[in-house]
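Structural overview
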Amino acid sequence: MKPLSRRNLLLLSAGALAVAGTAAAHTAVRDPGVPEIRDPMPAAAPSPQDRLKVKPVSHWAAVFGKSWDYQYRHGLPLSRSADSRDHYDLSYDVDSCVAMFRATDQRRYLDRALTFTENVVASAKPSSSLPRSGFKDRYRGWKAAEEGDDEVPLYESYFWRYATSLLVAMRDNPGVHGDAGYRARYDRLLAFAEVDVFEKWDSRGAEDTIYRERTHMAAHWALIALNLSRLTADAGRKDRYTTVTNTIATRLRGQLRRNPAEPTAYFWSDVWESAKRPGQDVGHGNGVIAYVVEARDRGAFWTDADMAAFGALLTKVVWPLGRTTYAAYVDGTGSDNGWFADGFVKLGRYDPAVQLRLEKHQVVNDQFAANMALNARLLRG
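Residues numbered from 1 in each chain as written. Predicted model: local features only at pLDDT ≥ 70, side-chain atom pairs only at ≥ 80, totals over all residues. Heavy atoms only, no water.

1. Quick word on the environment of alanine 191
Note the threshold: Helix and strand definitions here come from DSSP, where helices need a minimum of 4 consecutive H or I residues and strands a minimum of 2 consecutive E residues; each element is numbered from the N-terminal end. Any residue under 20% of the maximum accessible area for its type is buried, any over 50% is exposed, and the rest in between are partly exposed; the area is computed with a 1.4 Å probe on protein chains only.
Here alanine 191 lies in helix 8 (residues 180-203). The class for alanine 191 is partly exposed, based on a relative accessible area of 44%. Sequence separation between alanine 191 and threonine 232 is 41 residues, and the spatial gap between their C-alpha atoms is 9.0 Å.

2. Quick word on the side chain of serine 133
Counted only if it meets this: Whenever two N or O atoms come within 3.5 Å, that pair is a polar contact, provided that in protein one can donate a hydrogen and the other can accept it, and provided that, for residues adjacent in sequence, both atoms are side-chain atoms. Two residues form a contact once any of their heavy atoms are found within 4.5 Å.
Positionally, serine 133 belongs in the loop between strand 1 (125-126) and strand 2 (140-141). Using a relative accessible area of 9% as the deciding quantity, one classes serine 133 as buried. At a separation of 3.3 Å, a polar atom in the side chain of serine 133 contacts the main-chain amide nitrogen of lysine 136. Contact partners of serine 133, with chain neighbours within four places excluded, come to Ser127, Asp149, Asp150 and Glu151.

3. A word on the packing of helix 12 (residues 282-297) against helix 13 (residues 304-318)
Defined as follows: Here, axes are lines fitted to C-alpha atoms. For helices the fit covers the stretch in contact, and angles between N-to-C directions go from 0 to 180 degrees. Note that the term roughly parallel is reserved for angles under 35 degrees, roughly antiparallel for angles over 145, roughly perpendicular for angles of 65 to 115, and oblique for everything else. Definitions for this section: a left-handed crossing has its near helix turned counterclockwise from the far helix by less than a right angle. A right-handed crossing has that turn clockwise. Under the convention adopted here, Pro, Cys and the residues Ala, Val, Leu, Ile, Met, Phe, Trp and Tyr are nonpolar, Asp, Glu, Lys and Arg are charged, and Gly plus all remaining residues are polar.
The interhelical angle for the contact between helix 12 and helix 13, taken along N-to-C directions, is 155 degrees, at an axis separation of 10 Å. Taken together, the axis directions place helix 12 and helix 13 in an arrangement best described as roughly antiparallel. Considering only the axes of helix 12 and helix 13, their crossing is left-handed. When helix 12 is examined against helix 13, the residues Val282, Ile289, Val292, Val293 and Arg296 are found in contact with a partner set consisting of Asp304, Met307, Phe310 and Val318. Residues belonging to the contact of helix 12 with helix 13 are distributed by class as follows: seven nonpolar, no polar and two charged.

4. Section: the pattern of salt bridges
Heads up, the condition is: A side-chain nitrogen of Lys or Arg and a carboxyl oxygen of Asp or Glu constitute a salt bridge if their distance falls within 4 Å.
Applying the stated criterion across every chain, the model contains 25 salt bridges. Here aspartate 202 makes a salt bridge to arginine 240, at a shortest N to O gap of 2.7 Å. Placement of aspartate 202 in helix 8 and of arginine 240 in helix 11 (residues 235-255) is noted, with a sequence separation of 38 residues between them. Linking arginine 296 and aspartate 304 is a salt bridge whose minimum nitrogen-to-oxygen distance equals 2.9 Å. Using a relative accessible area of 22% as the deciding quantity, one classes arginine 296 as partly exposed. Residues participating in the shared-partner salt-bridge network are Arg102, Glu294, Asp297 and Arg349.

5. Describing the pairing of strand 4 (residues 262-267)
Which entries qualify depends on this criterion: Criterion used throughout: strands pair if DSSP finds at least two bridges between them.
Direction of pairing for strand 3 (residues 257-259) relative to strand 4: antiparallel, over a ladder of three bridges. Looking at the pairing, arginine 257 lines up with phenylalanine 267 of strand 4. Where strand 3 folds back on strand 4, the antiparallel hairpin that results is connected by two residues.

6. Describing the nonpolar core
This is how it is decided: In this description, a nonpolar core means a group of buried Ala, Val, Leu, Ile, Met, Phe, Trp, Tyr and Cys residues linked to one another through side-chain atoms lying within 4.5 Å.
Among the nonpolar cores identified, the biggest contains 113 residues, and Trp160, Tyr291, Trp302 and Phe310 are the most heavily contacted of them. No other element matches helix 6 (residues 153-171), which puts twelve residues into this core. Every residue in contact with tryptophan 302, bar those within four places of it in the chain, is listed here: Ala249, Leu252, Arg253, Leu256, Tyr291, Val292, Ala295, Arg296, Met307 and Phe310.

7. With respect to the side chain of glutamine 71
Within the secondary structure, glutamine 71 sits in helix 3 (residues 68-80). For glutamine 71, a relative accessible area of 0% puts it in the buried group. Here the side chain of glutamine 71 touches arginine 112 through a polar contact of 3.1 Å, side chain to side chain. When residues no more than four places from it in sequence are discounted, the contact partners of glutamine 71 are Phe64, Leu76, Asp93, Ser96, Cys97, Arg112, Phe116 and Asp366.

8. Topic: helix 3
Defined as follows: Residue count minus one, scaled by 1.5 Å, sets the expected span of a helix.
An ideal rise of 1.5 Å per residue puts 18 Å on 13 residues; helix 3 measures up with 19 Å between its terminal C-alpha atoms. Buried within helix 3 are the following residues: Trp68, Gln71, Gly75, Leu76, Leu78 and Ser79. Among the structural elements, helix 2 (57-65), helix 4 (84-104), helix 5 (107-122) and helix 15 (366-380) are those in contact with the buried residues of helix 3.

9. Focus on empty space enclosed by the protein
Which entries qualify depends on this criterion: A cavity, in this analysis, means grid points on a 1 Å lattice covering only the protein atoms where a 1.4 Å probe fits yet has no way out; a pocket is instead an open set bounded by protein on both sides within 12 Å along at least five of seven lines, and a residue lines either one if it has an atom within 4 Å of a point. Grid points are joined across faces, edges and corners, and a volume is the space filled by probe spheres set on the points.
Counted by the stated rule, this structure contains three cavities of 30 Å³ or more. Broken down by element, the residue count for the lining of the largest cavity peaks at four residues, all from helix 12. The residue makeup of the lining of the largest cavity, split by class, is four nonpolar, five polar and one charged.

10. Brief notes about the packing of helix 3 against helix 5
For any two helices packed against each other, one specifies the inter-axial angle together with the distance between the axes. Orientation of helix 3 relative to helix 5, taken along the N-to-C sense of each, is 20 degrees, at an axis distance of 8 Å. As summarised for this structure, helix 3 and helix 5 are arranged roughly parallel, according to the angle between their axes. Judged by the twist between their axes, the crossing of helix 3 over helix 5 is left-handed. Where helix 3 abuts helix 5, its residues Trp68, Gln71, Tyr72, Gly75, Leu76, Ser79 and Arg80 lie against Arg108, Tyr109, Arg112, Phe116, Asn119 and Val120. When grouped by side-chain class, the residues that make up the contact of helix 3 with helix 5 number six nonpolar, four polar and three charged.

In structure tokens:
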């Protein structure tokens, strides 16, 4: 697996690179070096006054607008590519547009996310026609040049977690879902996601392609399955999506420990069946947080107390007050560049104190700004 690419148009500071790896999957075991956590820390309810202290949606919409034209120039060719590695990079643009649509109800953000996603679907080809595919079956998909032109689940899951989140945003907006034009586009994309994304990789061997070798890689599929369980009209498919989501959530829960650097914060290893330090790297940990946040919003498995423990991880371990650098790992060790835009930023929607802290962050790109806007809307009601 290749490192995360540098993110586009960083408005204030440097972007994000992270390193990936491989391992085996199942439930974490006890490590005497890291205290076990059976119950998350209690979450204190924020006051209405604290909620009103955060910057409004309009502030973050203005920050996001600085990259609006650039995002289109950058994202459009990626969306038209037949290489799934390009869709991996495009996923940040889709997430940012979906967050801005949810924050503002402005359909120009929805329209761009739809255009990008429809272009990705249009670039798909039958697996049987891809010369170097290791599958050669009836499903549609994309080659990955960095992986010898084979089809790979990582890049597709990285994009479709946010493409299916786009569909949830459409489903949850009565004006959009009730519009015949949008509904037709929604139906086409949902059919593709159910068959040529989830069913395809599930049928190719779920243990290897969906449950995956690392926590963050499995979390991408947990979010896809969570989204599809909200959208599908097929009871059998819904049962399968629910099974996948619950299985991965249970495995993730089994990984969690009290953080050795801060007892109110979570610690986990990205390696299944391990709790060894330094644990998950922060860059890829964004993928875990991106899933648990959306699951919590829908009351699925995760609690407010969990979000408080993840928030403490961000503000007391990864980026504690007074520290001029950012930790590379969730035990607080190492040094990294502070890329929180793909996951950790989303914790601001639960606690004004976390949101206010994130307002001081100096690594701000369009995805970060968009999710700060959504946090602000949710916090301010």
